[in-house]
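Examination of the molecular architecture
Residue strings, one per chain:
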Amino acid sequence: MNSKIDRIEIQSKALGQKMAITVYVPADFTDGLPVLYFMHGRSGDENIIHALDIQTVADKMTGEGRMRPMLIVCPRMGDALGLNAYEGYFFNEVMPLIEQRYKTSTRYIGGCSAGGYIALNYALRHIEMFVRVGGHMPAIDEHLDDEDLHYFGTRDVWAANNPLVLARQCSLPAGTAFYLDAGNEDEGGFYHGCALLAETLKARGVQVDNHLNKGHHTVQYIKDNLENYLMFYSL
């Protein structure tokens, strides 16, 4: 059996609208595979799975023995930073649907740009649910820009969801590993947030790799580093 990309549409009760999910299903699929939930950025959607050509890269790496077979799930998350009703949509609708349909095992979560923020926020607030966590050029900052206040409503809500704050406060089991990275020419300067988060996690005894790579805050940057991400999730 060849690998495939499944497209699933669900009527979300949490959001009151139809949503879509894309799923990379590896060749020779069997029950009990690990699952990576991979979140898109603000202007993206579930089609990030095609924009990054995840199927080709994962097939190649699996065939070469550099990656264990896994499901890769890209849910449509809108432009909401995963907040409010989107959190219920993901945890109460997306995850149960995927894990019942494909009978998955271990969970990983990651994402790029705003999706990296979502992955880190969700993981740090539900740390027992994810074994590996990735923030790839993640949109994390020490300070809230006024232009982003509309996502949160108040600065207290921003702080309660900020991975830099959560990493100092939440429980952190020893078995969870983190991977952070950003380009050295990232226009948002998110490599600063990655460095701060990595420092906090390391101080608390958590396994974390932080990479400052060459590149800008672009889709091409993610494509250039995708193999490294998949190797991390596959360890």
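Okay, so let's go over this structure. What you are looking at is a predicted structure, and each value in this text was computed from that prediction instead of being measured.

1. What to know about the overall build of the protein
Scanning the protein for helices and strands turns up nine helices and eight strands. Against the compact-globule benchmark of 18 Å for 235 residues, the protein has a radius of gyration of 17 Å, which places it among compact chains. When the backbone C-alpha atoms are referred to their principal axes, the protein occupies close to 50 × 40 × 35 Å. Counting only residues that meet the buried cut, the protein has 54% of its 235 residues in that class. Once local pairs closer than 6 in sequence are excluded, the contacts in the protein between residues at least 24 apart make up 75%. If you average the places of the 20 positive and of the 29 negative side-chain charges in the protein, the two averages end up 6 Å apart.

2. A short note on the environment of Phe130
Within the fold, Phe130 resides in the loop between α4 (114-125) and β6 (132-136). For the pair Phe130 and Lys18, spaced 112 residues apart in the sequence, the C-alpha separation amounts to 26 Å. Those residues within four positions of Phe130 in sequence are excluded, and the remaining contacts are Tyr37, Phe90, Phe91, Met95, Arg107, Tyr108, Ile109, Tyr122, Ala123 and Thr176.

3. A word on α4
Helix length check: α4 (twelve residues) gives 17 Å between terminal C-alpha atoms against 16 Å at 1.5 Å per residue, within 8%. Most of α4 sits inside the fold, with eleven of its twelve residues counted as buried. Turning to α4, its buried residues are Ala114, Gly115, Gly116, Tyr117, Ile118, Ala119, Leu120, Asn121, Tyr122, Ala123 and Leu124.

4. Observations regarding the pattern of salt bridges
Summed over all chains, the structure comprises 13 salt bridges. Between Glu46 and Arg7 there is a salt bridge, with its nearest N and O atoms 3.0 Å apart. You can see Glu46 sitting in the loop between β3 (35-39) and α1 (48-51) and its partner Arg7 sitting in strand β1 (residues 4-12), a full 39 residues away along the chain. Notably, a salt bridge pairs Glu87 with Arg125, separated by 3.0 Å at the nearest N-O pair. Within this pair, whereas Glu87 is found in helix α3 (residues 85-102), its partner Arg125 is found in helix α4, the two being separated by 38 residues in sequence. Assessed through its relative accessible area of 15%, Glu87 is described here as buried.

5. Some remarks on the pairing of strand β8 (residues 207-213)
One ladder, built from seven bridges, connects strand β7 (residues 177-183) with β8; its direction is parallel. Across the sheet, the residue bridging to Gly183 is Asn213, located in β8. As for the winding sense of the linkage, the β-α-β connection from β7 through helix α8 (residues 190-203) to β8 is right-handed.

6. Considering the sheet that holds β7
As summarised here, the arrangement of the eight strands in space is β1-β2-β4-β3-β5-β6-β7-β8, forming an open sheet in which the pairing is mixed. Lying at the two open borders of the sheet, with one neighbouring strand each, are β1 and β8. Strand-to-strand twist of the sheet, defined as the mean angle between neighbouring strand axes without regard to direction, takes the value 15 degrees. Where β1 meets strand β2 (residues 17-25), nine bridges bridge the pair, whose relative direction is antiparallel. Bridge pairing links Arg7 to Thr22 in β2. In the packing of α8 onto the sheet, the strands contacted are β7 and β8, and the crossing angle to β7 comes to about 160 degrees.

About the cut-offs
Residues numbered from 1 in each chain as written. Predicted model: local features only at pLDDT ≥ 70, side-chain atom pairs only at ≥ 80, totals over all residues. Heavy atoms only, no water. Helix = DSSP H or I, 4+ residues; strand = E, 2+ residues; numbered from the N terminus. Rg over C-alpha atoms; globule rule 2.2 N^0.38 Å. Buried < 20%, exposed > 50% of the residue type's maximum accessible area, 1.4 Å probe, protein only. Contact = heavy atoms within 4.5 Å. Lys, Arg positive; Asp, Glu negative; His and termini not counted. Charge placed at Lys NZ, Arg CZ, Asp CG, Glu CD. Expected span 1.5 Å × (residues − 1). Salt bridge = Lys/Arg side-chain N within 4 Å of Asp/Glu carboxyl O. Pairing = 2+ DSSP bridges. Right-handed = clockwise from strand over helix to strand, strands pointing away. Axes fitted to C-alpha atoms, helices over the stretch in contact; angles between N-to-C directions.

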